[in-house]
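The primary structure of each chain is shown beneath.
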Amino acid sequence: MNQTQTETTSADARKFRNVLERQIESAIREMRRSTGALAFSGFAAGLNVSFGALFMAVALTFSPGFESDLVKQFVLANASAVGFLLVMLGQTELFTAHTTMAWLPVFSGHADLRELGRLWLIIYVTNLVGCALFAGLVALVGPSLSIVDPSAFGTLANALLPYSGPTILLSGVVAGWLMGLATWLAAASRDTVGEIVAVWIVTAGIGFAPFHHALLGTTEVLGAMFLGQGVTLAEFGHFLLWTTVGNVVGGTVFVALLNYGQIAYGDTPDEVDVESID
């Protein structure tokens, strides 16, 4: 390798390291926030991501017959991405983003599992509360405004529920993986436009399949339940358990661990240097 190639490789490694350090610093700040601040942020994220489910249901209501399944999934994918974009640009705390980001300071030795568990618990519970309340709001006003047909939420729920636990888990792994990539790419983006494009493209992939996402899916499934589409509490619990585990595995293993490993076990000898944070 000549000198120019070596300098280019070193520059790329420094850029990657800078993204990692920013992610670690951000995660440490979140871990040190008060319980109340995290709870409000998590609640807001649950509400915001739910707009993706609402817009998917509106699309199905206004266009009950798509010319093809491909067109239908493309429309739903872009509708679902709106919710994720609101969360990411609004800087609210979504559990599936922290399944990636919050592991990084644990891997680097700047935080421990107790701090990780506290963050996860607060964000996860408040995300779910926000999603549930949003689903209830949609059930109250959606049909009255003629913007949501109950069968639209039934269609969304039926795309997530009739699967075995292992199948949902693997689908959840992919969704968690994509969500982790969206978080990472947003941090690596140099401007707001780049962040929007990265988040939109990656998260649209979750809705296109659709893959199982614990929070967006909660709004879809509970919306169907509240609108009388025959969804039971047991079905919701089955969905939520397997999806959550899959999302955690996807974000932890395929994004946080692999990206951190590139630095910890890479060719560059420098250690990750995180500045002290007040």
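Note on numbering: residues in each chain are counted from 1, in written sequence order. Local features in a predicted model are, by the rule used here, given only for residues with pLDDT of at least 70; side-chain atom pairs are given and counted only at 80 or more, and totals for whole chains, interfaces and linings are based on all residues. With hydrogens and water set aside, each side-chain value is computed from the structure's full complement of heavy atoms.

Colleague: I'm lost on the overall build of the protein chain in this one. Help?
Modeller: Helix and strand assignments follow DSSP, with helices taken as H or I runs no shorter than four residues and strands as E runs no shorter than two, numbered in order from the N terminus. Broken down by element type, the protein chain carries 11 helices and 0 strands. In the protein chain, the succession of α and β elements from N to C terminus is α-α-α-α-α-α-α-α-α-α-α. We compute the radius of gyration over the C-alpha atoms and compare it with the globule rule, which gives 2.2 Å times the number of residues raised to the power 0.38. The globule rule puts the C-alpha radius of gyration for 278 residues at 19 Å, and the 20 Å found for the protein chain is close to it. Projected onto the principal axes, the alpha-carbon positions of the protein chain cover approximately 65 × 40 × 35 Å.

Colleague: How should I be thinking about the nonpolar core in this particular structure?
Modeller: Generally speaking, a soluble globular protein has its nonpolar side chains buried in company with each other. L94, V148, F153 and L215 are the most contacted members of the largest nonpolar core, which totals 72 residues. It is helix α6 (residues 113-141) that contributes the most residues to this core, 12 residues altogether. Those residues in contact with V148 that sit more than four places away from it in its chain are L54, A57, V58, T61, V138, G142, P143, F153 and L227. We call a set of buried Ala, Val, Leu, Ile, Met, Phe, Trp, Tyr and Cys residues a nonpolar core when their side-chain atoms join them within 4.5 Å. Any residue under 20% of the maximum accessible area for its type is buried, any over 50% is exposed, and the rest in between are partly exposed; the area is computed with a 1.4 Å probe on protein chains only. Contacts were defined at the residue level, with two residues in contact if any of their heavy atoms lie within 4.5 Å.

Colleague: What's the story with unusual backbone geometry in this structure? I'm lost.
Modeller: Backbone phi values are negative for most residues with the exception of glycine, while trans is the configuration of most peptide bonds. Put simply, A209 and P210 share a cis peptide bond, and its omega is -5°. Its location among the elements puts P210 in the loop between α9 (192-208) and α10 (214-226). The phi angle at Q91 is positive, at roughly 60°, despite the residue not being glycine. Structurally, the position occupied by Q91 is in the loop between α3 (69-90) and α4 (95-101). For S146, which is not glycine, the phi torsion reads 60° and is therefore positive.

Colleague: How should I be thinking about a nonpolar patch on the surface in this particular structure?
Modeller: On the surface, a cluster of nonpolar side chains totalling about 360 Å² of accessible area is made up of L241, V245, V249, V253 and L257. On the secondary structure map, L241 appears in helix α11 (residues 233-264). For L241, a relative accessible area of 53% gives the class exposed. Patches were defined on residues exceeding 30% relative accessible area and lacking a salt bridge, with like-charge contacts within 9 Å and nonpolar side-chain contacts (Val, Leu, Ile, Met, Phe, Trp, Tyr) within 5 Å. All accessible-area figures derive from a Shrake-Rupley calculation using a 1.4 Å probe, and residue coverage is judged against the displayed protein chains alone. Criterion for a salt bridge: a side-chain nitrogen of Lys or Arg within 4 Å of a carboxyl oxygen of Asp or Glu.

Colleague: Please explain the packing of helix α8 (residues 165-188) against α9 as it appears in this structure.
Modeller: In a packed pair of helices, the relevant descriptors are the angle between the two axes and the axis-to-axis distance. Angles shown run from 0 to 180 degrees and are taken between the N-to-C directions of axes, each axis being a line fitted to C-alpha atoms and, for helices, limited to the stretch in contact. Where α8 contacts α9, the axes come no closer than 9 Å and their chain directions differ by 180°. Overall, the two elements α8 and α9 adopt an arrangement that is roughly antiparallel. Contacts between α8 and α9 pair A175, L178, M179, L181, A182, L185 and A186 from the former with E195, A198, V199, V202, T203, G205 and I206 from the latter. Each residue belonging to the contact of α8 with α9 can be placed in one class, and the counts come to 11 nonpolar, 2 polar and 1 charged. Oblique is the label for every angle not falling under 35 degrees (roughly parallel), over 145 degrees (roughly antiparallel), or within 65 to 115 degrees (roughly perpendicular). When residue character is reported, Ala, Val, Leu, Ile, Met, Phe, Trp, Tyr, Cys and Pro are called nonpolar, Asp, Glu, Lys and Arg charged, and the others, Gly included, polar.

Colleague: In this structure, what is going on with helix α7 (residues 150-158)? I would like to understand it.
Modeller: It helps to recall that an α-helix has 3.6 residues per turn; residues three or four apart then point in one direction. When we look at burial in α7, the residues that qualify are A152, F153, G154, L156 and A157. On its buried side, α7 packs onto α2 (35-62), α6 and α10.

Colleague: What is the right way to read the UniProt feature "transmembrane region" (unreviewed entry) in the protein chain from this model?
Modeller: UniProt positions are given in the numbering used here, feature names are shortened, and annotations may be inferred rather than shown by experiment. Residues given the UniProt feature "transmembrane region" (unreviewed entry) here are residues 37-62, 82-107, 119-143, 163-185, 197-216 and 236-258. Each end of residues 82-107 is marked by a C-alpha atom, and these two atoms are 32 Å apart; helix forms 81% of the span and strand 0%. As a span, residues 236-258 carries 100% helix and 0% strand, and end to end its C-alpha atoms are 31 Å apart.

Colleague: What exactly am I supposed to notice about the pattern of salt bridges here?
Modeller: Inspection of every chain in the model, using the stated rule, returns 2 salt bridges. Here E30 makes a salt bridge to R33, at a shortest N to O gap of 3.0 Å. Across the pair E93 and R33 runs a salt bridge, and its minimum N-O distance is 3.5 Å. Placement of E93 in the loop between α3 and α4 and of R33 in the loop between α1 (3-31) and α2 is noted, with a sequence separation of 60 residues between them. For E93, a relative accessible area of 7% corresponds to the buried category.

Colleague: Could you clarify how one ought to interpret the packing of aromatic side chains in this entry?
Modeller: Stacked, tilted and edge-to-face are the three classes assigned to paired rings of Phe, Tyr and Trp, where Trp is represented by its six-membered ring and a pair needs centres within 6.5 Å; plane angles under 30 degrees give stacked, over 60 edge-to-face, the rest tilted. Evaluation of the coordinates by the stated rule reveals 9 aromatic pairs. Taken together, a centroid distance of 5.3 Å and an interplanar angle of 15° make the contact between W103 and F107 stacked. Pair noted here: W103 and F107 are both in helix α5 (residues 103-108), with a separation of 4 residues, about one helical turn. Its relative accessible area of 27% is what places F107 among the partly exposed residues. Feature note: the residues F95, W103, F107, W120, Y124 and Y260 constitute an aromatic cluster, connected by ring pairs.

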